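# Examination of the molecular architecture
Read off the chains here:
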Amino acid sequence: MNFLRGVMGGQSAGPQHTEAETIQKLCDRVASSTLLDDRRNAVRALKSLSKKYRLEVGSQAMEHLTRVLQTDRSDSEIIGYALDTLYNIISNDEEEVDDVEEENSTRQSEDLGSQFTEIFIKQQENVTLLLSLLEEFDFHVRWPGVKLLTALLKHLGPQVQQIILVSPMGVSRLMDLLADSREVIRNDGVLLLQALTRSNGAIQKIVAFENAFERLLDIITEEGNSDGGIVVEDCLILLQNLLKNNNSNQNFFKEGSYIQRMKPWFEVGDENSGWSAQKVTNLHLMLQLVRVLVSPTNPPGATSSCQKAMFQCGLLQQLCTILMATGVPADILTETINTVSEVIRGCQVNQDYFASVNAPSNPPRPAIVVLLMSMVNERQPFVLRCAVLYCFQCFLYKNQKGQGEIVSTLLPSTIDATGNSVSAGQLLCGGLFSTDSLSNWCAAVALAHALQENSTQKEQLLRVQLATSIGNPPVSLLQQCTNILSQGSKIQTRVGLLMLLCTWLSNCPIAVTHFLHNSANVPFLTGQIAENLGEEEQLVQGLCALLLGISIYFNDNSLESYMKEKLKQLIEKRIGKENFIEKLGFISKHELYSRASQKPQPNFPSPECMIFDHEFTKLVKELEGVITKAIYKSSEEDKKEEEVKKTLEQHDNIVTHYKNMIREQDLQLEELKQQISTLKCQNEQLQTAVTQQASQIQQHKDQYNLLKVQLGKDSPHHGSSNGGAQVNGIPPEEIGRLREEIEELKSNQEFLRSQLAEKDSLIENLKSSQTSRDTNEATASARDSEQIAELKQELATLKSQLNSKSVEITKLQTEKQELLQKIEAFSQSVPVPGESETVVAAKATDVEGRLSALLQETKELKNEIKALSEERTAIKEQLDSSNSTIVILQNEKNQLEVNITDSKKEQDDLLVLLADQDQKILSLKHKLKELGHPDEEEDELESIDQDDEDDEDEVDNNQGDN
């Protein structure tokens, strides 16, 4: 500022300098000075002058300031001054002015800001430079940069958006502002993104995919949801910019499970206090954000998926809680009703849930009944009544079940004779015939929605009877509506009743017949249409023409006096076809018709504008053309049309019949295909089985041939050197195989013994762990001891079986030795050359007998070996079951150890008990030693080992002798 004082101080001494000259000198100093300090002081002086002399500084210094941003980037202080100066030039933030000058000053300020913005962005490099400066973490650079870019977007948003869009990583740099730890920059970053995403779908998508939803929802949660400050409001506005009319972002929001994070927003409780103005604003924006996701203007598939997600996460339930709560401000209640309406619209699951919601009253009443009470109550605010009507319409939209429930409350069989409870149908009838024209209109439209595209309910409503006065017979609801029309009530009432009657009679010939059965209805309609009334009555005339046209088009000619042709002749005589069509056109030409046809929600500025319903405008658009054609058609054309209709119906029936046949044939084909595939699989399996059996047969044949060849070799013509082996029929390979099997049995025996030793050690460990358990687990310890005793018994049984097998093996070894001795003795008895043939023959006969006996003994040995193998397998299975039992015991032990670990927190209190248990363990061990139980087991194992060693020695000795 010393520099500024030096520049401005010379004004008093010499000739007075103007502000423009001072600013020019500062600009020259910025442009020509070689010292950074001088340039910095000059820029700081320009900043101090920029608010008061905005035009002068902007016109002379903008070029120099942008050059400073380019050349002096290393000095954050001068960059900050330059950005602040540019912001003061471009923004509209001015000092306070008088009320008289305020409007002109604001307009001039906006024009000036737009002009300077246009100059700045004329060179796109300036915006790119500004984006690069936002990467600087220095507060004095980043914050003024954010404010400057926000001001540029406010003045010329589309142009600046396009520059940022084509700039590399431009949007990503701005998204980093949301992660800044300094709240001032983060909050202003939200405002910047608001201006950036406004009305630009491409930027909205980029921002959304840069994880904007996650960051914004985190900020809202950190700030306290609906209880937060203006930062929450700014984040909600930004979310609306990203989601409104952007199907891609809406789908991304739903797929990212962000709808579930909206539920805590509406947990406001049932409080009569705590509704600050900011909280009301926040909650209002939150409700609007929900409506953006389920708006009727969205694609039906996207809306339906969002509705289902809101029900599944409990958001709809939370909204209904607010709906039935007390102390909720009126505008929040109205917006909540509108939000619930669009969440349930066309979604059967949500509609069913809403039908089950009860108000917290005594006795509880359905929420629908409570809302209808507000709708027909003329003391309620107009916007609230409109919201309730919209909610009722959305509840009945594509909901035939709900329509049937509403109509059923009007039928005689379901009306509560005691009068203790009020039903929805009674409220609608009360509103339909009340003195308030707005209630008449709302009730008529609500009842028309209960009949929308539902012929069944249209016929059911014909059964409704009303008691008009004491002593008079009841009249039908249809007749009562026409009676009120003929009494000349208010226009709003008549319009509502005519819309109800048009909806009721359309696509329902039975209702048309009931309507025409009253002889006063047709003269009334023709009289209304034929009169020349003022502009206010033209709409009523148009609706009467529509009702009469519906009576002609949907007439089934069941009444001779009011057949189609007679009604047309009546129109031509009393009204004229051209005049009738002209009156019919008054409906679509009305100024409020186009407004009502745009959106389903009844949104009217005043009660007087509440004339048309959205669904009724669609009905008019559908019927206006066909009624016009029906009026101009002759009787012959009608007959032809009926014949064509009958032909088409017959054709449709034939087509339907063939479709059913084709469907049945398709089902039969599918069944046959499945049967064929099943048979193919069975065939393949059978072929595989045949192949396997063939291979097995071939193997058996080969074995048979081999045995046959071996038996063929048993002949007396062979040499005497191998005569003993041939006569015996026991080849050396068979003896070797027997020895291998015996060795295998011995090895298996050793393996089983080792497993027994392991199980014994494991049982000993379990016994020791059992004794160390807590005294409080006495029951579990007793159970474990029983299991250990059972295991001991099983082990003793296994040991006895092993001993018996050892004896059998020893017996086999003895038999083997005897067999070997017999073979040796037989080989010594082979005849030597020179003996007589008679002696040889006798010896041969003796040898053959002995040989057959030996073969029989060999077969018996094989069978015994096979039996031993099976018994060994059984022993293994028993060991496996023992292993599983031990594993179970081990798991129980592990569980007990976990419990002991958890109880270490109370270790100080349990030290005495643990010491007692140690003494008990020692005493149990002494008792076991005194009983001699471990010694008996060790002796038994040693005896088994000694028997095995003796058997091995005998086998080795016998082999050595051989």
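What counts and what doesn't
- Residues numbered from 1 in each chain as written.
- Predicted model: local features only at pLDDT ≥ 70, side-chain atom pairs only at ≥ 80, totals over all residues.
- Heavy atoms only, no water.
- Helix = DSSP H or I, 4+ residues; strand = E, 2+ residues; numbered from the N terminus.
- Contact = heavy atoms within 4.5 Å.
- Areas by Shrake-Rupley, 256 points an atom, 1.4 Å probe, with all protein chains shown as cover.
- Axes fitted to C-alpha atoms, helices over the stretch in contact; angles between N-to-C directions.
- Parallel < 35°, antiparallel > 145°, perpendicular 65-115°, else oblique.
- Left-handed = near helix turned anticlockwise from the far one by under 90°.
- Nonpolar A, V, L, I, M, F, W, Y, C, P; charged D, E, K, R; others polar.
- Phe/Tyr/Trp six-rings, centres within 6.5 Å; stacked < 30°, edge-to-face > 60°.
- Buried < 20%, exposed > 50% of the residue type's maximum accessible area, 1.4 Å probe, protein only.
- Lys NZ or Arg CZ within 6 Å of the ring centre and 35° of its normal.
- Salt bridge = Lys/Arg side-chain N within 4 Å of Asp/Glu carboxyl O.
- Patch = residues over 30% accessible without salt bridge, like charges linked within 9 Å, V, L, I, M, F, W, Y side chains within 5 Å.
- Expected span 1.5 Å × (residues − 1).
- Arc of directions from axis to C-beta.
- Lys, Arg positive; Asp, Glu negative; His and termini not counted.
- Polar contact = N/O pair within 3.5 Å; in protein donor to acceptor, adjacent residues only side chain to side chain.
- pLDDT = per-residue confidence, 0-100.

## So, the overall build of the protein
Each helix and strand in the protein was counted, giving 43 helices and 4 strands. In the protein, of all internal contacts separated by at least 6 residues, the share reaching a separation of at least 24 is 72%. Carbon and sulfur atoms provide 51% of the accessible area of the protein, an area that totals close to 51,500 Å².

## Here we look at unusual backbone geometry
Following Asn 362, the chain continues into Pro 363 via a peptide bond in cis, with omega recorded as 0 degrees. Along the chain, the position of Pro 363 falls in the loop between β1 (358–359) and β2 (365–366). One non-glycine residue, Asn 211, lies in the positive phi region at around 70 degrees. Its place among the elements puts Asn 211 in the loop between α12 (201–209) and α13 (212–223).

## Section: the packing of helix α31 (residues 535–553) against helix α33 (residues 577–584)
One way to put it is that α31 packs onto α33 with a least axis distance of 7 Å and a crossing angle of 115 degrees. In this view, α31 runs roughly perpendicular relative to α33, as classed from their interaxial angle. Of the two possible hands of crossing, α31 and α33 adopt the one that is left-handed. Every residue of α33 that contacts α31 at Gln 541, Gly 542, Ala 545, Leu 546, Leu 548 and Gly 549 is listed here: Phe 580, Lys 583 and Leu 584. Class assignment for the residues of the contact of α31 with α33 results in 5 nonpolar, 3 polar and 1 charged.

## Quick word on the packing of aromatic side chains
One pass over the structure, following the stated rule, counts 12 aromatic pairs. On the numbers, 5.5 Å between centres and 40 degrees between planes, the contact of Phe 253 with Tyr 258 is tilted. In this structure, Phe 253 and Tyr 258 share a single accessibility class: buried. Pairing Trp 265 with Phe 266 gives two aromatic rings, centres 6.5 Å apart and planes at 55 degrees, and the pair type is tilted. According to the relative accessible area criterion, Trp 265 is buried, its value standing at 2%. Taking the relative accessible area as the measure of exposure, Phe 266 reaches 0% and is therefore buried. A connected cluster of aromatic rings, assembled from ring pairs, spans Phe 209, Phe 213, Phe 252, Phe 253 and Tyr 258. Geometry around Trp 143 places Lys 147 over its ring, the cationic atom sitting 4.0 Å from the centre. If you follow Arg 182 out to its NZ or CZ, it ends over the ring of Phe 137, 3.9 Å from the centre.

## Some details on the pattern of salt bridges
Tallied over the entire structure, the rule returns 22 salt bridges. With its nearest N and O atoms 4.0 Å apart, the salt bridge here joins Asp 352 to Lys 401. Remark: Lys 401 occurs in helix α23 (residues 400–408) and Asp 352 occurs in helix α20 (residues 348–356); sequence separation between them is 49 residues. The exposure class of Asp 352 is partly exposed, given its relative accessible area of 30%. By sharing partners, the salt bridges in this structure join Asp 37, Arg 40, Asp 75 and Glu 77 into a single network.

## Here's the deal with a nonpolar patch on the surface
A contiguous nonpolar surface patch, about 380 Å² in accessible area, is contributed by Ile 654, Tyr 658, Met 661 and Ile 662. When you line up the elements, Ile 662 lands in helix α37 (residues 635–712).

## Regarding the packing of helix α24 (residues 424–432) against helix α25 (residues 437–449)
Contact pair α24 / α25: the axes reach a minimum separation of 7 Å and the direction vectors enclose 135 degrees. Compared by their axis directions, α24 and α25 come out oblique. The interaxial crossing formed by α24 with α25 has left-handed handedness. Two secondary-structure elements touch here, α24 through Leu 428, Gly 431 and Leu 432 and α25 through Ser 439, Asn 440, Ala 443, Ala 444, Ala 446 and Leu 447. Residues of the contact of α24 with α25, tallied by class, amount to 6 nonpolar, 3 polar and no charged.

## Points about helix α11 (residues 183–197)
When the terminal C-alpha atoms of α11 are compared, their 21 Å separation across 15 residues agrees well with the 21 Å that a helix rising 1.5 Å per residue should span. Within α11, 12 of the 15 residues are buried, which leaves the element mostly enclosed by the surrounding structure. Taken together, the buried positions of α11 are Ile 185, Arg 186, Asn 187, Asp 188, Gly 189, Val 190, Leu 192, Leu 193, Gln 194, Ala 195, Leu 196 and Thr 197. Where the residues of α11 are buried, they touch α8 (139–155), α9 (157–166), α10 (170–175), α12, α13 and α14 (230–243). Phi turns positive one or two residues past the end of α11, at Ser 199, with a value near 60 degrees.

## Description of α20
Looking at α20, one finds that the buried residues are Asn 350, Gln 351 and Phe 354. For α20, the angular spread of buried residues about the axis comes to 100 degrees, placing them on one side. Buried residues belonging to α20 abut α17 (300–312), α18 (315–323), α19 (330–344), α21 (367–375) and α22 (382–396).

## Considering the environment of Gln 528
Of note, Gln 528 is situated in helix α30 (residues 521–530). Along the chain, Gln 528 and Gln 538 lie 10 residues apart, while their C-alpha atoms are 9.6 Å from each other. Setting aside residues no more than four positions away along its own chain, Gln 528 makes contact with Arg 494, Val 540, Gln 541 and Cys 544.

## Some thoughts on the side chain of Asp 234
Checked against the element boundaries, Asp 234 lands in helix α14. The buried charged residue Asp 234 lacks any salt bridge, with Arg 186 as its nearest oppositely charged partner at 9.1 Å. Setting aside chain neighbours within four positions, we find Asp 234 in contact with Val 190, Leu 191 and Gln 194.

## Observations regarding the side chain of Ser 50
Mapped onto the fold, Ser 50 is located in helix α3 (residues 36–50). Relative accessible area serves as the criterion here: at 0%, Ser 50 is assigned to the buried category. Of note is the side chain of Ser 50, whose polar atom sits 3.0 Å from the side chain of Asn 88. When residues no more than four places from it in sequence are discounted, the contact partners of Ser 50 are Val 57, Thr 85, Asn 88 and Ile 89.

## Some details on the confidence of the model for the protein
Confidence in the prediction for the protein averages 81 pLDDT; 72% of positions are at 70 or higher. In this model, residues 774–778 is a region of pLDDT below 50 whose contacts with residues beyond four sequence positions or in other chains number 4 contacts. Segment residues 935–944: pLDDT under 50, and 8 contacts once partners within four positions in sequence are set aside and those in other chains are kept.

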